[in-house]
Every structure is written in structure tokens, then in C-alpha cells.
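Here is how the chains run, residue by residue.
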Amino acid sequence: MKELLSLRHWAVMVIVLPSLLVGLCLGGYLTYQRFNELDQNLTERGIYLSEPLSLLCAHSIRLNQQESLATALDMAHRRASPIVRSISVFLPDHQLYISSNYHNDFDKIKLQPSRLIPNNTQVEYGENHIYVRTPIYGQPASEESFLFVTKNGRTLYGYLVVELSRDKALLEQQSSLFFLISLLVISVLFTLLFAFRFIERIVDPIRTLIDALADIIAGKTKTKVKEPMLGEIDTLRMSVNNIGKEIYYANERAEHNISEYTQELQQTVEQLEVQNIQLSMARRDAQNANDVKSQFLANMSHELRTPLNGVLGFTRQLKKTSLNVNQRDFLETIETSAVNLLRIINDILDFSKLDASKMELEDIPFALRDTVNDVMTLLAPNVFDKGLNIYLNIDEKVPDELRGDPDRLKQIIINLLGNAIKFTLSGYVRLDIRYLSVNETGHQLRFTVTDTGVGIDKVGKEKLFAAFGQADSSVTRKFGGTGLGLIICKKLIEAMDGDIHFKSETDKGSQFFFDVYIKDNHLNVAEPLPIKVLTDKHLLYMDSDEQSLNDGLSLLKHFTELKITHCSTEKEFVGLISDKKFDLVLISHHVSPSTVGEMKHLISIARQYCEHVFTVINSISPNLKEAFIGSGATACLSLPINHRKLIGSMAAPYLETTEPDENQGMSFRGMKVLAVDDHDPNLKLLKALLSEMSVQVDTERDGQAAWNLAQKHKYDAIFLDIQMPIMDGITACQKIRESSLNETTPIISVTAHAAPEEQAKILASGFDAFLSKPIDEEMLKQILFEHCPFNESGGTKNGDQIQSANDTSQGLLPFEVGEAPEFAKYPQVDWSLAMQRSAGKYDLAIEMFTMLMRTVPETLTDVKTHIETNDVEQLLPVIHKFHGACCYTGVPNIKLLAETIESGLKRSADIATVEPELYELIDELEKLLAQAEGWSIAV
């Protein structure tokens, strides 16, 4: 309300309201006094009239002069008219004696019978009349013809009532009220007139000042109000003029300053432009340097991978020859080390991605215990060289068949265990894996690495997870290391929805533990263990190390149904083995040059009572193992116990007379799938792998033909290559989804190269899953298991029946080792890889390599032509097709070049960016063709 009232309103209220309130109060008071005065005058006149008449009435009643009394009353009535309505005389019994004016309201005039006659004059006010009652006293009457009453020594003849009319008084009261209201209205109008004149003297100058301020605000700072004003308003006028003057001077100064600042700003902008040009040049130089670094890393990666692939290839080739147990164990260690070195190279290339949170984790099935055993086998030599003990315990609740990224998990464990080994001078290193819980994300597992090393001080703890940081600079000099390991572990663990923590005390050791969520996998990846032959066999287990003994017992009880008796001393061992017959004896002992004799002595005792004696030692020395085997041991393994090697060794003597289980692998008998690929080797291998799983396979070579088949036949799954002639895989998938008999059939994309963003695009276009080339048989089984449910009766969902996978009509030969072909000795060919890609089928590997060689001349011609014409669109399909063919033929260097070229062309669409690789590919293919001239295969 206050915000709605202006100064004018407030001025009117301040001036008029007090006057109005005073006028109302004063007028009300005067009116009240006038009303009372009029009533009082009327009453007094009635009293003055009634009292003399009461004396006259007493005399006339005593003398019975009624006529003279009537004349007197009538005369008095006329003389007092119009204020007197009637003058009446009542006897003591309230009977009317005489009246000057007879009417019908005498009941209101006389007293009620219950009321006493007053001793003195009494006035009673009615609404329109006033009743003045005066008692009539006189001397005693001589006659008794009238009723009279003696009261207080006087004779009461009755009472006189003068009835006064208030009409004239009310009229005078109304006249007074009207006059007062008129006077009040005139006063208010006069006050309003004065108020408005006063407000004009105030508001008009203020309005002038407001207009002046508006002009000043609008920029007319020279505006002045020259006309003098009233009192304090004139002071306000002068202040407004001063404000305008000051603003004018301030604007002048501001314009001057702005001019100066503008010049300075222009100079600054020019400097910034120069700096921006310099920064752009520096940024371009940095990008060029980064490109050079990336190219260098790619080249170094290529150069490092080439000899490593040779190491891996010849290691796998050597494993196919006749080897003893130790030689095979060493080869497996070499292979594992080479694979891990290859992964380390990949980690170096991926570190920038990890730092930018762009690391892509794989999602593949794996066996957890085999993965951990690989790590232990790799790190065991370092442990034994330092004279440390190493322990491994995996909770029996921990599932073995999981799905995730085993390589990254290995990397984490290797890093933590490697640090533990590095910083531990004496004592032990231990890895525990515990099962915590399960939710929709997966199984929550806790990995704990414990050591008795140097520990970490308070300062070291604060920078432990910093890049290139270690607990102490002296530690860096003493133990070495880049300081990247823990930060990589931390980021990888966080990528697996986990976190890492540690506890450590100086000189007492450290404990690192991390929790990760790993998804369950319903398909068995690990090879089945031959545990049935060990059921109910009696085993005597001796281990002098309590921790190792408990870990071994936990492992054996979890995997086998052996009847185990255990001990920890030689005395107990001798007593037990001589007292009871055992089928197997397992001796775990920490050996050194001074304790080798003790171990041999235990073996000789055991051999007296048991044929099958197995030993586990803290060494990988082949000579030491051969010495123990020569002393009578059946096999000698290294700590920590590898469950697969131990159970396989103990079961080996019994497997010679036991028939192997048939149909151990999973069968998808009854399924019918469609495989589509424009490259014959790829299509042939996919068909071979599926047929081996008892799957009926229809094949086509382009998307249009696949769509036509999908409209005629119902399939349990469809495998589509992406880049194909006539109709590509994505278009074919969309067509099948829109109109066919297979609108809900799982469709799996099969392609040789796809970055994560390409995978997302492929899945978004309608595919259910992604299968990368080269096709992994286990991944193929996993995809069929997840996306193509089948029934146990061997029938498909549409009721078709197909022949067994062993049916020779499929045209596939079983696995043959055979002799390596003549071309396997050349450096471009990795025959072991070719055999692996063809699922161990010798003839299929030969046939696929032959098909590849037949495409080389055409590929060479097309590549050279498209380089000359700089036609990227035509070159990319040629490289993609050739890359797909290389995935299955054991030419890793050529495949890597094709993959690099395809990735570069997809990324930049510029031949110049991959020109070195293109010419290198041409050189490799020309060498391959030159070498193939003497081969027996047709090219």
C-alpha cells in the first residue's frame, strides 16, 4: 500500500485527515450538547407548566370546580402549544379525571396500577413524547365524594401529567445537525483547496527536478534548474545542479581515460594477436611433434613386435616337438614372458589413452585360476632368485569361469606382486583372492598382495599413486622402476568399478588390496581337469611350511576328492607312510644346496612304499628337478602350486589305462546358421569352426544373397561381414530386420578391423554382437551360447535335425600335426599361427594359405593402381579384404601392415598418411611372390 501512495496522496492525507477528524469530533460533541439542551429546555418548560397547574388542580378538585379546571387546562394547553400535546389529571386510582386533549394513548400517559404515585415531579422520556408527572397535594376535602389519600400528613388528590411533544425539538436537532454537517463540508473543501495549493507548490518543483534528473541520466549533463524554489526544495535544486555538473566533469575525465585505455588496449590486442600466432605455431609444432612421437611409437611397436612374434612363433613350433616335462615347462615360461612383453609394449602405447580415460577394456571369457597361475609362473624365478617364499591362496567360493579383461587383470597383479618382490629382501610374498559378494555388475572379488618388505613411510604414502612417483628417491636409485606402475594399476582398477588401498609400516612390510567387479561367464573356457581318476585315491601330503601346507590342502580339497593325510615333519612322514598304504605321495620342501640331500632322502623313503611320488620345490632349476626325478620322483613342480599342473601330473599315471571322456566340449547340435563373407578363406574357416560344433551352416558371399536366403529360411543365428559387394553387411542387417523370417534372429557382425566407435555404430545399426577377426573359437562358442539358446534334445527351435560334427561329409579332416610345409621356413610365414587360426586342421591351413597367395598378385596390382590415382575410396576396400584374408593364414607382419593401413585410411582418408606402410606392404608382397616361385602350391 505504501508503494502505491505518492507524495500528493500523502500530503492530502496529512492536511485533510487531521482537519476532518477534528471537525467530526467537535461537531459530534456540539451536536450532542445541542440535543441535550433542547430536551432539557422542553423538560423544564413542562415542569414549569405542571407544578403551578397541580396547585390549581388540588383547589378545583377539593371544591369540585371541574369546569373551571377544564377551562384553565385548556387555556394553559393553548398557551404552550405546540410543545404540549395534552394536560391530564388522574385520580389516585389512576382514573382520568379531566384532560385538555382526549386521545387513545392515555394508557401510556397514566401510571400503571403497580407503580406508586411519585412524591415529587417526575419526568419520563418516550420515543416521541416526554411525560411530566406531578403529584396533586392539597388540604383535606370537606366532602367525601372523591377518593383521596393522606400521605405524609398531606392529602393526595391524584397526579397531573403534562404530555410534551418532541417533534419541534427533533426538528431543531435535525436543523442543528444539518448546519454542522454543512459547516464541516465547507471546512473540508477549504482544507482540500489549501492542500492542493500547497501540494502544487511542492510537487511542481519536484517534478521539475525529476525532469532535470532524467535529462542528466539521458546524457544531457549541462541541464540546470535556474528558477528559485521554496525553502528546502531550493537546496535540493542546487544539489541537482551540482550533480549534473559533477557528472559532466566525470564524463569528460572518463572519455579522456577511455581514449587512453583504448590506445593501450589496441596495443595489447596487437600483442595478443602476435602471441596467438606464436601459440598457434607452437601448437602446430607440438601437434607435429606429437604426431612424430606417435609415429615413432608405432614404428618402435612394429619393430619390437616383429622379433617377439618370431619368438612366440618358434616357441609354439618347438612345443610341437618331443620334449620332456622341464623343457616344455621352460618353453611355456618363454612363451608367457614373450606374451607379457608384448603386452607391456601395448601398455606403453596405451598409457596416453589411460591418462585420458580412453582405455578400452576387453570383455572376453577367461579362467581366473589359469590367469593367476600364468602370473605366478612368470614371477616365480625372481622370487626364488632372492630366496623368498611365495604363497597363493584362492578362496574356493571364487568362481573360475569369468568374463572381463584378463590381460589387464594380469597387468595389475604382475605390477603389485613385482613391487612386493622388488622391495622385499627376506621373508615372503603372498597373494590371496577372496569372494565378497555378487550384484548386477558381477562378482566382487578382493585381491590382496602381502609382503614382508621395507614398507612405506608417511611421506611416501602421500605420493605413492602419483605418476612417475615412488616412495623415496633413494628407493628409485636402489630398486629402479619408472614410477608408473601403481598409477596404471589404480586407473585400471577404477575402470573395473573397483578401488585400491594399502596398509604399510616401515621395516614391517606392506599390504595392497583391491576390489573389482567381474562378470560371470556361463561357458567353460578352461580345459577340464582329469579329477575323476583321482577320486578316493589316498594321498600323503608333507610340507614343512605351515602356510604352504594350508594353501595346498585348500587347493586339493577344492578340486579333488582325494583322501588326504598331511604332516609337517620327517618323523611324522616316516611314521605315516610305513603304517598305511597310500596311492600318491606329495612332498613340498624348501630346498637349498644344503638341503638337497634331505629331499632325496624323503623321496627314497616314499618310493619304498608308494610308486607315485610327486615333489614341489622353491626353484625352477631344471638340473635340480632332473636330480629329484632321478631319485625316484614321478614329477617335480615349482611353488606356488599350479593346480592344473599338479592335478595333471598326479592323474597322468591313471590316464594311461582310462578311456578319455567323449564329447567333453559343448555341442550346439541342431542349430542352423547363415554365414556371409565375400572372402573365401574367411568363409571357409567360419564354416569349419561352426561345423565342428555340430552346427548346420549355409553360406553366401554378399548381403543381397543373404537377405534373399533370410526371406526363405529361418536361422538360429546369422554371421555377416561388414564390407561386401552388392550389399554391405549393415544394409543387409537392416533389410533382414525389416522384412524376413529372421526379424528377431541374433545377427553377429564379423569384420577384421573395428575401432570402439565403429563397434558402437555397428551395434546401433541392428547387430546383436560383434566378432572380430581373426575368429577365436572360444569367443565364437561364447557368442553362440549367449545369443542362441538351444535345447538339450539336439533340435533347433524350428525342429530341424542335422548330422554329427564327426560326419566326414563335411569335408574336414581331424587335427593332424604333420610336417611343416616347405613355405613355413620363410620369415613372412608363422606356421604355428596358421595352424592355430585353422583350429589345428593341417589341410585347412594349407588350403587357406594357398587361397591367400592366389589373391596376392591382384592385390599388388590394385594397390599400385590406386596409389598412382590417389583413389582412397577404391583402395580402402582392397586393403580391408586383404586384411581379412591375412587374419587366418599365419602372416602376422603382413597382417599388421594391412591393419595399420586400414586404420590410417579410415581415420584420415589420405593416402599420404600411410604411404610408408603401403610401400612396405608392396615390398613384403613382392618378396612373398618371389619366394613362392619354388613352392609346390599353385599361385
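Residues numbered from 1 in each chain as written. Predicted model: local features only at pLDDT ≥ 70, side-chain atom pairs only at ≥ 80, totals over all residues. Heavy atoms only, no water.

## Focus on the overall build of the chain
As a reminder of what qualifies: Helix numbers and strand numbers start at the N terminus; a helix is a DSSP run of H or I with at least 4 residues, a strand a run of E with at least 2. We call a residue buried when its accessible area falls under 20% of the maximum for its residue type, exposed when it is over 50%, and partly exposed in between, using a 1.4 Å probe and counting protein chains only. Any pair of residues with heavy atoms lying within 4.5 Å of one another is described as a contacting pair. Each accessible area value is a Shrake-Rupley result obtained with a 1.4 Å probe; residue values ignore everything except the protein chains displayed when judging cover.
Each helix and strand in the chain was counted, giving 26 helices and 23 strands. When each of the 939 residues of the chain is scored for burial, the buried share is 45%. By sequence separation, contacts in the chain at least 24 residues apart represent 69% of the contacts at least 6 residues apart. Total accessible area on the chain stands at roughly 49100 Å², and carbon and sulfur atoms take up 54% of it.

## Thoughts on the sheet that holds strand β14 (residues 538-543)
Defined as follows: Strands are labelled as partners when DSSP assigns at least two bridges between them. Structural elements are reduced to axes, namely lines fitted to C-alpha atoms, with helices fitted over the stretch in contact, and the angle between N-to-C directions of any two is expressed from 0 to 180 degrees.
Across the sheet, 5 strands lie side by side as β15-β14-β16-β17-β18; this open sheet has parallel pairing. Looking at strand neighbours, the two that pair on one side only are β15 (563-567) and β18 (635-638), the edges of this open sheet. Between one strand axis and the next, the sheet turns by 20 degrees as a mean value, whatever way the strands run. As paired elements, strand β16 (residues 584-589) and strand β17 (residues 612-617) share 6 bridges and run parallel to each other. For His589, the partnering residue across the bridge sits in β17 and is Ile617. The strands touched by helix α12 (residues 546-559) are β14, β15 and β16; relative to β14, the strand with the most contacts, the crossing angle is about 155 degrees.

## Observations regarding the UniProt feature "transmembrane region" (unreviewed entry) in the chain
The cut-off we apply is this: UniProt positions are given in the numbering used here, feature names are shortened, and annotations may be inferred rather than shown by experiment.
UniProt annotation of "transmembrane region" (unreviewed entry) refers to residues 12-32 and 177-199 when read in the numbering used here. Segment residues 12-32 splits into 100% helix and 0% strand. End C-alpha atoms: 29 Å apart. Between the end C-alpha atoms of residues 177-199 there is a gap of 32 Å, over a span that is 100% helix and 0% strand.

## Description of helix α14 (residues 596-609)
Operational definition: Any helix carries an expected span of 1.5 Å times its number of residues minus one.
In this model α14 runs 21 Å from its N-terminal to its C-terminal C-alpha over 14 residues, within 8% of the 20 Å that 1.5 Å per residue would give. Of the positions making up α14, those classed as buried are Val596, Met599, Leu602, Ile603, Ile605 and Ala606. Looking at the buried positions of α14, the neighbouring elements they touch are β14, α13 (570-579), β16, β17 and α15 (622-630).

## A few points about the packing of aromatic side chains
For the record, the criterion: Aromatic rings from Phe, Tyr and Trp, with only the six-membered ring used for Trp, were paired whenever their centres fell within 6.5 Å, and each pair was classed as stacked if the ring planes differed by under 30 degrees, edge-to-face if by over 60, and tilted otherwise. Only when the NZ of Lys or the CZ of Arg is both within 6 Å of the ring centre and within 35 degrees of the ring normal is a charge said to sit over the ring.
Summed over all chains, the structure comprises 5 aromatic pairs. The interplanar angle of 65 degrees and the centroid separation of 5.7 Å between the aromatic rings of Tyr391 and Tyr428 together place this pair among those described as edge-to-face. Remark: Tyr428 occurs in strand β10 (residues 428-438) and Tyr391 occurs in strand β8 (residues 389-394); sequence separation between them is 37 residues. Given a relative accessible area of 5%, Tyr391 falls into the buried group. On the basis of an interplanar angle of 20 degrees and a centroid distance of 5.3 Å, the ring pair of Phe502 and Phe512 is categorised as stacked. Of this pair, Phe502 sits in strand β12 (residues 499-505) while Phe512 sits in strand β13 (residues 509-520); the two residues are 10 residues apart in sequence, bridging distant segments of the chain. Overall, the relative accessible area of 12% leaves Phe512 in the buried class. The side chain of Lys537 reaches across the aromatic face of Tyr654, ending 4.7 Å from its centre.

## Some words on the pairing of β16
Note the following rule: Orient the strands so they point away from the viewer, and a crossover whose first-strand-to-second-strand path over the helix runs clockwise is right-handed.
Counting buried residues along β16, 6 of its 6 residues qualify, which places the element largely inside the surrounding structure. Of the two faces of β16, both are covered, the one formed by Leu584, Leu586 and Ser588 as well as the one formed by Val585, Ile587 and His589. Where β14 lies against β16, 5 bridges are found, and the strand directions are parallel. Paired with Tyr541 across the bridge in β16 is Leu586. Handedness of the crossover is the feature at issue here: the chain leaves β16, passes through α14, returns alongside β17, and the resulting connection is right-handed.

## Focus on the sheet that holds strand β23 (residues 769-772)
Two orientations exist for strands paired in a sheet by backbone hydrogen bonds: parallel and antiparallel. Ordered in space as β20-β19-β21-β22-β23, the 5 strands form an open sheet in which the pairing is parallel. Each end of this open sheet is capped by a strand with a single partner; those strands are β20 (696-700) and β23. Taken over all neighbouring pairs, the strand axes of this sheet differ in orientation by 20 degrees on average, direction set aside. Sheet topology note: the strand β19 (residues 672-676)/β20 ladder contains 5 bridges and is parallel. Across the sheet, the residue bridging to Val673 is Val697, located in β20. In the packing of helix α17 (residues 680-692) onto the sheet, contacts are made with β19, β20 and β21 (717-721), and the angle to β20 comes to roughly 170 degrees. Its contacts with the sheet put helix α19 (residues 729-738) on β21 and β22 (747-751), and the angle it makes with β21 is roughly 150 degrees.

## Focus: the UniProt feature "modified residue: 4-aspartylphosphate" (unreviewed entry) in the chain
Within the UniProt annotation, "modified residue: 4-aspartylphosphate" (unreviewed entry) is assigned to Asp721. With respect to the helices and strands, Asp721 occurs in strand β21. What Asp721 contacts, discounting residues up to four positions off in sequence, is Val676, Asp677, Asp678, Gly729, Val750, Thr751, Lys773 and His880.

## Focus on the pattern of salt bridges
Quick note on the threshold: For this document, the term salt bridge refers to a Lys or Arg side-chain nitrogen within 4 Å of an Asp or Glu carboxyl oxygen.
This model, assessed by the stated rule, comprises 22 salt bridges. For Asp432, the salt bridge identified is with Arg430, shortest N-O distance 2.9 Å. For Asp432, a relative accessible area of 11% gives the class buried. On the basis of relative accessible area, Arg430 is assigned to the buried category, the value being 12%.

## Some remarks on α15
For clarity, the cut-off: Arc definition: directions from the helix axis to the C-beta atoms.
Within α15, burial applies to Leu624, Lys625 and Phe628. Looking down the long axis of α15, one finds its buried residues gathered within 100 degrees of arc, a one-sided arrangement. Pointing more than 90 degrees away from the buried face of α15 are the exposed residues Asn623 and Gly630. Immediately beyond the C-terminal end of α15, within one or two residues, lies Gly632, with a positive phi of roughly 125 degrees.

## Description of unusual backbone geometry
In the segment running from Leu639 into Pro640, the intervening peptide bond is cis, with an omega of -10 degrees. The residue Pro640 is located in the loop between β18 and α16 (643-655) in this model. With a phi angle near 65 degrees, Asp507 is a residue other than glycine that sits in the positive phi range. In this fold, Asp507 is placed in the loop between β12 and β13. Judged by its relative accessible area of 65%, Asp507 is exposed.

## Overview of the environment of Ile617
Among the secondary structure elements, Ile617 is positioned in strand β17. Separated by 18 residues in sequence, Ile617 and Met599 have C-alpha atoms that sit 9.4 Å apart.

## Concerning the environment of Thr121
Stated precisely, the cut-off is as follows: Nitrogen and oxygen atoms within 3.5 Å of one another constitute a polar contact, given that in protein one can donate a hydrogen and the other can accept it, and given that sequence-neighbouring residues count only through two side-chain atoms.
Mapped onto the secondary structure, Thr121 falls in the loop between α3 (106-109) and β3 (122-125). What makes Thr121 partly exposed here is its relative accessible area of 26%. Between the C-alpha atom of Thr121 and that of Val132, which follows or precedes it by 11 residues, the distance is 6.9 Å. Beyond its immediate sequence surroundings of up to four residues, Thr121 is in contact with Ile47, Ser50, Glu51, Val132, Arg133, Thr134 and Pro135. Here the side chain of Thr121 touches Glu51 through a polar contact of 3.1 Å, side chain to side chain. Among the polar contacts listed, one links the side chain of Thr121 to the side chain of Thr134, at a separation of 3.1 Å.

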